[in-house]
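# Chain and residue survey
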Amino acid sequence: MPTASPGFDIRLDENGDLPLQNGGVITGLELTIQRLKRRLLIQRGEVSFDRFFGIDWNGWLQVRPPQLALMEAALRSSADTCPGVARCSRIDSVFDKAQRTVTFSMDVTLITGESVRITTSVGTNGNPAITVLVLSPQAMLA
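Residues numbered from 1 in each chain as written. Predicted model: local features only at pLDDT ≥ 70, side-chain atom pairs only at ≥ 80, totals over all residues. Heavy atoms only, no water.

### What to know about helix 1 (residues 28-41)
Going by this rule: Strands are runs of DSSP state E lasting at least two residues, helices are runs of H or I lasting at least four, and both sets are numbered from the N terminus onward. A helix is expected to span 1.5 Å multiplied by its residue count minus one. Relative accessible area decides the class of each residue, using a 1.4 Å probe on protein chains only: under 20% of the type maximum gives buried, over 50% gives exposed, and in between gives partly exposed.
Spanning 14 residues, helix 1 covers 20 Å between terminal C-alpha atoms, matching the ideal 20 Å at 1.5 Å per step. Buried residues of helix 1: Gly28, Leu31, Thr32, Ile33, Gln34, Leu36, Lys37 and Leu40, and no others.

### Here's the deal with the sheet that holds strand 6 (residues 128-135)
For clarity, the threshold we go by: For two strands to count as paired, DSSP must find a minimum of two bridges between them. A fitted line through C-alpha atoms represents every axis, and for helices the fit uses only the stretch in contact; the resulting angles, taken between N-to-C directions, go from 0 to 180 degrees.
An order of 3-4-5-6 is seen for the four strands of this open sheet, with the pairing classed as antiparallel. The open sheet has two edge strands with one neighbour each: strand 3 (85-96) and strand 6. Taking each pair of neighbouring strands and ignoring which way they run, the sheet shows an average axis angle of 15°. Here eight bridges tie strand 5 (residues 115-122) to strand 6, and the two strands are oriented antiparallel to one another.

### Considering the packing of aromatic side chains
Selection rule: Pairs were defined over the aromatic rings of Phe, Tyr and Trp, the Trp ring being its six-membered one, requiring ring centres within 6.5 Å. Orientation was assigned from the angle between planes: stacked under 30 degrees, edge-to-face over 60, tilted for the rest.
For the structure shown, the criterion picks out one aromatic pair. The interplanar angle of 50° and the centroid separation of 6.1 Å between the aromatic rings of tryptophan 57 and phenylalanine 104 together place this pair among those described as tilted. Here phenylalanine 104 lies in strand 4 (residues 101-110) and tryptophan 57 lies in helix 2 (residues 57-62), a separation of 47 residues in the sequence. The same class applies to tryptophan 57 as to phenylalanine 104, namely buried.

### Let's talk about unusual backbone geometry
The residue after arginine 64, namely proline 65, is reached through a cis peptide bond having omega -10°. Its identity is not glycine, yet arginine 100 carries a phi of approximately 50°, on the positive side.

### Observations concerning the nonpolar core
Filter applied, for reference: Among the buried residues, those of types Ala, Val, Leu, Ile, Met, Phe, Trp, Tyr and Cys that are joined through side-chain atoms within 4.5 Å form a nonpolar core. It only takes one pair of heavy atoms within 4.5 Å for two residues to be counted as in contact.
Grouped together as the largest cluster of nonpolar side chains are 23 residues, with contacts concentrated most on Leu36, Leu40, Trp57, Leu75, Met106, Val108 and Ile118. Those elements that place two or more of their residues in this core are helix 1, helix 2, helix 3 (68-80), strand 3, strand 4 and strand 5. By residue number, the principal contributor to this core is strand 4, which donates five residues. With residues near it in sequence (within four places) discarded, leucine 40 still touches Ile55, Trp57, Leu75, Ser78, Met106, Ile118, Thr120, Pro128 and Ile130.

### Details of the side chain of aspartate 107
Rules: Polar contact is the term for a pair of N or O atoms within 3.5 Å; when the atoms are in protein, one must be able to donate a hydrogen and the other to accept it, and sequence-neighboring residues count only if both atoms are side-chain atoms.
Of note, aspartate 107 is situated in strand 4. The class of aspartate 107 is buried, set by a relative accessible area of 4%. Within the structure, aspartate 107 has its side chain in polar contact with the side chain of arginine 117 (distance 2.7 Å).

Here is the structure:
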């Protein structure tokens, strides 16, 4: 049976920092989810050795109206190329014009068969807020 994500890493807290408590090494499902969350949180230009890596959250929100199809394609690409992810099976987006907020919801299937629902909301400050829900394979088929 394949592993959820090859290797191991250090557990990070919700802000991407090293935790003061409950740290340690993570593997498997937890590692894949952490990698996927980190990919979605990185702004384009934030990584000094690769200025084209990351998602252009700020640039997208400056275009009116937001190009949701383009944004969905970039999120799908980020998820599909993440180690441990088999595919992004569904992605939906909603633009709240009054709040200038875009919310994405995507269902991601891991190579182990587990399914994860990731919701990402981005407001005018350009900083995404991410929620992850691990689903059973049966819940995804319903």
